[in-house]
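# Chain and residue survey
This is what each chain is made of:
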Amino acid sequence: MTALRDDVTALPDADTLGGHTARQLLRLCETVGLGDDDATVYARTLLESLGTVAARPLDLPPPNRTFLSDDHTPVEFSLSFVPNAAPTLRVLLEPGCGTAGLARNGRTGLRFLRAMARRWDFSTDRLDELEDLFLPVAPHGPLALWCALELRPGGVPQVKVYLNPAASGPDRAADTVREALHRLGHRKAFADLPDAHRPLFFALDLGDWDEPRAKVYLAHHDLSAAEAGRLCRTDGGPPAARTEEFFRIAAGLEPGLGADEGQDERLTRRPVQSCHSFTETASGLPSGFTLYVPVRDYARHDGEALARATALLDRHGIDAAPLRQALSAVTARRLEDGVGLIAYLSVAHQGGHPPRVSVYVSSEAYRVRPPARLPLAEPVPVH
Ligand code: TRP
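The rules we used
Sequence positions are assigned chain by chain, starting from 1 and proceeding in written order. Where totals are concerned, whole chains, interfaces and linings use all residues; where local detail is concerned, this predicted model gives features only for residues with pLDDT of at least 70, and gives and counts side-chain atom pairs only at 80 or more. Working from all heavy atoms in the structure, the side-chain values ignore hydrogens and water. Any Lys or Arg side-chain nitrogen found within 4 Å of a carboxyl oxygen on Asp or Glu counts as a salt bridge. Strands here are runs of E lasting at least two residues and helices are runs of H or I lasting at least four, both read from the DSSP assignment and numbered beginning at the N terminus. Under the scheme applied here, a residue whose accessible area is under 20% of the maximum for its type counts as buried, over 50% as exposed, and between as partly exposed, the area being computed with a 1.4 Å probe on protein chains only. The pocket and cavity definitions rest on a 1 Å grid over protein atoms only: a 1.4 Å probe that fits but cannot leave marks a cavity, an open set with protein on both sides within 12 Å along at least five of seven lines marks a pocket, and residues lining either have an atom within 4 Å of a point. Grid points are joined across faces, edges and corners, and a volume is the space filled by probe spheres set on the points. Classification used: nonpolar for Ala, Val, Leu, Ile, Met, Phe, Trp, Tyr, Cys and Pro, charged for Asp, Glu, Lys and Arg, polar for all others including Gly. Nearness of a residue to a molecule or strand requires only that one of the residue's heavy atoms be within 4 Å of it. As used in this structure description, the phrase polar contact means that two N or O atoms lie within 3.5 Å; if the pair is within protein, one of them must be able to donate a hydrogen and the other to accept it, and residues adjacent in sequence are counted only when both atoms belong to side chains. Only the protein chains shown count as cover for residues, with accessible areas throughout obtained via the Shrake-Rupley method and a probe of 1.4 Å. Helix span, as expected, comes to 1.5 Å for every residue beyond the first. The contact criterion used is simple: two residues touch if any of their non-hydrogen atoms lie within 4.5 Å. At least two bridges found by DSSP between two strands are what make those strands a pair.

### Quick notes on the pattern of salt bridges
Per the stated rule, a full pass over the model turns up 25 salt bridges. For R369, the salt bridge goes to D70, with nearest N and O atoms at 2.9 Å. Taken together, the positions of R369 in the segment after strand 10 (356-362) and D70 in the loop between helix 2 (36-50) and strand 1 (75-81) put the pair 299 residues apart, joining distant regions of the chain. By relative accessible area, which is 24% here, R369 ends up partly exposed.

Here's what the structure looks like:
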């Protein structure tokens, strides 16, 4: 197979949505050490997920007002790190981004996933069982269906699907999550979840996973470090002090990390998110816990966000050099000239595995958010 990187005639122009994001993906693949054949398969898959909007010139507005990223690029990258290994590259996609309306958006997403399931020979049964809950005829926002691919060596990604608990109405979101967990056999799981403002996403692992997870993402508005430390409901999860430390590093509350003088100890702009994952049905207990801090709303610019990511990786004994290379693979701009390239920082704890640090990297295909001035006072509108 000719490497797509060397055969740019096979790519849409660089100033189109697909051309731009596929080139970012190809450069990222190189950064994490994926071979040309794998990179080609993954870039083609990204283009396929975009469908006809892959060829859409970037000087037109984004295809829809997707909530996937701040500038409405329907693609977001992330790198996931454990000590002594190359980071894993992932990409989050909205296959329905080119369709009008959320109902069609969801249908298109489902069709894309089913095509991937046929190609890579995995089952969508777990998703099919939940279709009526998350893909009703007249869905509510803010999303219908997203899909994430973990880009492993070998050209067969691991697949995750993200659904909207509020699809059948925001007031039904908690019931929708409870019912979905129940149908998957996690009958006691809902009661285990911490109190939260609202459920934001329901996710499923599809395909070739050792232990496929069902995951519930909750938004926690105005959270403090101490409260964050108490969110985890897994058996033998991280000590509260560990989570508090992560929160403080990511929020810039540790000295030297760009703390906003007088920064409220609570994160009042965009909510922190927790995620509990469920793999086994016997105990009802979650087996994994992840905390996500939207670093972009608590930093002046990406130089500051990178310093926090670096401090966090350091704390886990992980080299930050691949992250710096990844940022250069995505953008040529100076980190100080904008904020939001690094969207979130997270630490994931799954029993029996070392903690994983993840850094979410925006495409910025449409727009770079200008650096913020301090104090960061304005609450950002949240969907
Ligand atoms: N853009 C949305 C948000 O900021 C959704 C999202 C994209 C997200 N990537 C994420 C949420 C990573 C949590 C973690 O909330």
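What follows continues from the structure just given.
### Considering empty space enclosed by the protein
Under the counting rule described, the total for this entry stands at 1 cavity of 30 Å³ or more. Roughly 90 Å³ of internal volume is contained in the largest cavity. Looking at the lining of the largest cavity, the elements with two or more residues in it are helix 9 (240-251), strand 8 (288-293), helix 10 (302-315) and strand 9 (342-350). In terms of residue count, the dominant contributor to the lining of the largest cavity is helix 9 (4 residues). For the lining of the largest cavity, the class distribution of residues is 5 nonpolar, 3 polar and 3 charged.

### Topic: the site of the ligand
Contacts to the ligand come from F67, L68, S69, E76, L92, W146, F201, Q273, Y292, R296, Y344 and Y360. Take F67: an N or O atom from its main chain is 2.8 Å from a nitrogen atom of the ligand. Within the contact set of the ligand, an oxygen atom lies 2.6 Å away from a side-chain nitrogen or oxygen of R296. When the ligand is considered free in solution it has 350 Å² of accessible area, and contact with the protein chains removes 93% of it. By residue class, the composition of the shell around the ligand is 8 nonpolar, 2 polar and 2 charged.

### A closer look at helix 3 (residues 102-120)
Between its terminal C-alpha atoms helix 3 stretches 27 Å, which fits the 27 Å expected from 19 residues at 1.5 Å a residue. Buried-residue contacts for helix 3 involve helix 2, helix 4 (125-128), helix 5 (131-134), strand 3 (145-150), strand 4 (158-163) and strand 5 (198-206). Of the residues trailing helix 3, D121 is marked for its positive phi of about 60 degrees.

### Notes on the pairing of strand 9
In summary, the side chains of a regular strand alternate between the two faces of the sheet. Among the 9 residues of strand 9, 9 are classified as buried, and the element is accordingly described as predominantly covered. Note: strand 8 against strand 9, 6 bridges, orientation antiparallel. From the neighbouring strand, V293 faces strand 9, where its bridge partner is L345. Bridge count between strand 9 and strand 10: 6 bridges; the pairing is antiparallel. Counterpart to V347 in the pairing with strand 10 is V357. The antiparallel hairpin formed by strand 9 and strand 10 contains 5 residues in its connecting segment, where G352 sits at a positive phi of about 85 degrees.

### With respect to unusual backbone geometry
The linkage connecting G141 with the following residue, P142, adopts the cis geometry, with an omega of 10 degrees. For D121, which is not glycine, the phi dihedral falls at a positive 60 degrees. For D222, which is not glycine, the phi torsion reads 55 degrees and is therefore positive. Owing to a relative accessible area of 36%, D222 belongs among the partly exposed residues under this scheme.

### Comments concerning the side chain of T290
You can see T290 is positioned in strand 8. When neighbours within four sequence positions are excluded, T290 is seen to be in contact with Q273, S274, C275, S346, V347 and A348.

### Details of the pairing of strand 1
By the criterion of burial, strand 1 is predominantly enclosed, with 7 of the 7 residues buried. Neither face of strand 1 is open: one carries V75, F77, L79 and F81, the other E76, S78 and S80, and all of them are buried. Across 6 bridges, the pairing between strand 1 and strand 2 (residues 88-93) is antiparallel. The residue bridging F77 from the neighbouring strand is V91, located in strand 2. Counting the residues in the hairpin turn of strand 1 and strand 2 gives 6 residues, including N84, whose phi is positive at 60 degrees.

These results come straight from atomic positions and should not be treated as a statement about function.
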